[in-house]
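Observations on chain architecture
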Amino acid sequence: QVQLVESGGGLVQAGGSLRLSCAASGGTFSPYTMGWFRQAPGKEREFAAGISRSGGSTYYADSVKGRFTISRDNAKNVVYLQMNSLKPEDTAVYYCAADKQTYTTIMTQSRVDYWGQGTQVTVSS
């Protein structure tokens, strides 16, 4: 059983930056494709970014491409999401996800094995 705990959310002005962290415990981290989903108020949860088991491949949704960077440190069991040039529309609860079934970097909610509890990111205009 893998537990995921996110941190790093908060309130930031438009154009600012935040770095989210997701620490994994209770199991081996490296066999999982890792990713970040987000859910804005009144909207469905959407996939934002994913990273392969080795960290060598990444995927970004069009809405965050060029502004967000996902990375992982398998020695520390941590995955990060560096968010730059934040916009008010990035306001959402951000969830860390682990998927042992997917061998690509594109994750779907139905195949996620473990979720974090979520961390709020609020971007003011």
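Now for a quick tour of the structure. (Residues numbered from 1 in each chain as written. Predicted model: local features only at pLDDT ≥ 70, side-chain atom pairs only at ≥ 80, totals over all residues. Heavy atoms only, no water.)

1. Regarding the sheet that holds strand β8 (residues 78-83)
One open sheet accounts for 4 strands, arranged β1-β3-β8-β7; its pairing is antiparallel. Here the strands that pair on one side only, and so sit at the sheet edges, are β1 (3-7) and β7 (68-73). Adjacent strand axes in the sheet meet at a mean angle of 15 degrees, parallel and antiparallel pairs treated alike. (Pairing = 2+ DSSP bridges. Helix = DSSP H or I, 4+ residues; strand = E, 2+ residues; numbered from the N terminus. Axes fitted to C-alpha atoms, helices over the stretch in contact; angles between N-to-C directions.)

2. A look at the environment of S124
When you line up the elements, S124 lands in strand β11 (residues 119-124). Among residues more than four places away in sequence, those in contact with S124 are L11, V12, Q13 and A14. (Contact = heavy atoms within 4.5 Å.)

3. Digging into the state of the cysteines
One pass over the full model with this rule turns up 1 disulfide. With its sulfur 2.1 Å from that of its partner, C22 forms a disulfide with C96. Taking the torsion about the sulfur-sulfur bond, which here is approximately -80 degrees, the covalent link between C22 and C96 counts as left-handed. Highlighted residues: C22 in strand β3 (residues 18-25) and C96 in strand β9 (residues 92-99), separated in sequence by 74 residues. On the basis of relative accessible area, C96 is assigned to the buried category, the value being 0%. (Disulfide = S-S within 2.5 Å. Buried < 20%, exposed > 50% of the residue type's maximum accessible area, 1.4 Å probe, protein only.)

4. Details of the packing of aromatic side chains
Scanning all chains against the criterion turns up 5 aromatic pairs. Note on Y32 and Y114: the rings are 6.0 Å apart at their centroids and 65 degrees apart in plane angle, and the pair reads as edge-to-face. Remark: Y114 occurs in strand β10 (residues 114-115) and Y32 occurs in the loop between β3 and β4 (33-39); sequence separation between them is 82 residues. The exposure class of Y114 is buried, given its relative accessible area of 17%. Taking the centre distance of 5.8 Å and the plane angle of 5 degrees together, the rings of F47 and Y59 count as stacked. (Phe/Tyr/Trp six-rings, centres within 6.5 Å; stacked < 30°, edge-to-face > 60°.)

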